[in-house]
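Remarks on the overall topology
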Amino acid sequence: MSKRLGFFSRLLDQTDAAERYRLATEQIMHAERCGFDSAWIAQHHFHEGEGGLPAPFVFLAQAAARTSRIRLGTGIVTLPLELPVRVAEDAVVTDLMSGNRLEVGVGPGGNLTAFTAFGLDANDRHTLMDRNLELMRTAWSGGALPGGDRLYPSSPTLVDRIWQATFSVAGARRAGAAGDGLMLSRTQPRSPDAPKASLADIQIPMIDAYLEALPKGRPPRILASRTVFVADDAKEAMRFAETGLARLRHRLAATGNFSSGNLVGDLIAALDVHIGTPDEVVASLQAEKTLARATDLTVQVHSIDPPHPYILRSIELVAEKVAPALGWVKADDDGERRVA
């Protein structure tokens, strides 16, 4: 099977929320026109600079109405903060309205302050994640819920379209044992013991653990998200990097994660950004050993976050020049390459 290609958005265009949603919808529509196999959106609560969307299924229902083929995914729903039966219900309705195009990525979440607002303890997030995910599986599988009720309406194949996001080998092993897809982040913090480790050094052991735990006969689903910004001109690409990464640098400096003096080149390396002309990005991605093991490459422009027209152009260049060099084959216009 050829590698599948996805577009990912955190809905971070530099405008108000309503316009962010409109632009992200246009970007997904453009990705479909360019032949992308999937589009993914992130859920974030409260922090405007981290992500622009707290209600992913509401947004995906709109995206479904404006598209016809591209698969639509959550990357991710912060499952410990949710009522799992309500997630199951919203996902089913979205899936039915989209013609069974929904993919459901879930994870424990990284914004720990949000747990307080939801009346929860962030220290319980992994326990909550496991419990809520199990209840969601039961609901989608048609099992009896606490009290004896069963989910209506139903979409039983959703249980085969779960993806788990994780930063750890143990998390990857759990995803594999469950037969779920594995979602790998665009970048990961380096351990103080190995500050110069490559992203592959961190993520390939996760892939190995996932594959070892995967039930026999279960096809692997390994999605590698990467920051990819492609432009017609390298200087133009770097100009947007200087603007976008400066915003990130100041935000990280405020939390003590980066000094405010970091150069753009330092941040590009530290955050595993692939940027430049198509030839430059192809070379950069080909050197990334993790991608050879992935079934799905999903590209996002965060943390560059260029203006909307340049996101559209980057989508075009990825589909026309970058992804084919990495083994992606565009599906027929009337065909659909299923992720699950």
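Residues numbered from 1 in each chain as written. Predicted model: local features only at pLDDT ≥ 70, side-chain atom pairs only at ≥ 80, totals over all residues. Heavy atoms only, no water.

Quick word on the overall build of the protein chain
When you go through the protein chain residue by residue, the secondary structure sums to eleven helices and nine strands. For the protein chain, the C-alpha radius of gyration of 19 Å lies close to 20 Å, the compact-globule estimate for 340 residues. Per-residue burial over the protein chain gives 54% buried out of 340 residues. (Helix = DSSP H or I, 4+ residues; strand = E, 2+ residues; numbered from the N terminus. Rg over C-alpha atoms; globule rule 2.2 N^0.38 Å. Buried < 20%, exposed > 50% of the residue type's maximum accessible area, 1.4 Å probe, protein only.)

Things to note about the nonpolar core
Within the largest apolar cluster, 81 residues are counted, with the highest numbers of intra-cluster contacts made by Ile28, Phe36, Phe59, Val106, Trp140 and Leu245. If you look at the next biggest cluster of nonpolar residues, it comprises seven residues, including Phe8, Trp40, Ala42 and Leu223. (Core = buried A, V, L, I, M, F, W, Y, C linked by side-chain atoms within 4.5 Å.)

Let's talk about the pairing of strand β6 (residues 181-184)
Neither face of β6 is exposed, since Gly181 and Met183 on one face and Leu182 and Leu184 on the opposite face are all buried. Handedness of the strand β5 (residues 162-165)-helix α6 (residues 169-178)-β6 crossover: right-handed. Inspection of the sheet shows β6 paired to strand β7 (residues 222-230) by three bridges, in the parallel sense. Following the sheet pairing, Leu184 is matched in β7 by Ala224. (Right-handed = clockwise from strand over helix to strand, strands pointing away. Pairing = 2+ DSSP bridges.)

Points about the environment of Ala194
Tracing the backbone through its elements, the reader meets Ala194 in the loop between β6 and α7 (199-213). For the pair Ala194 and Ala114, spaced 80 residues apart in the sequence, the C-alpha separation amounts to 30 Å.

Focus on the pattern of salt bridges
This model, assessed by the stated rule, comprises 15 salt bridges. With a shortest N-O distance of 2.9 Å, Asp296 and Arg4 are connected by a salt bridge. A residue pair is termed long-range when its members are at least 10 positions apart, and Asp296 in strand β9 (residues 296-300) and Arg4 in strand β1 (residues 4-9) qualify at 292 residues. A salt bridge links Asp232 to Arg313; the nearest nitrogen and oxygen atoms lie 2.9 Å apart. One end of the pair, Asp232, is in the loop between β7 and α8 (234-255); the other, Arg313, is in helix α11 (residues 308-325), with 81 residues separating them in the sequence. The partly exposed category is assigned to Asp232, whose relative accessible area is 48%. One salt-bridge network, in which partners are shared between bridges, spans Glu19, Arg22 and Glu26. (Salt bridge = Lys/Arg side-chain N within 4 Å of Asp/Glu carboxyl O.)

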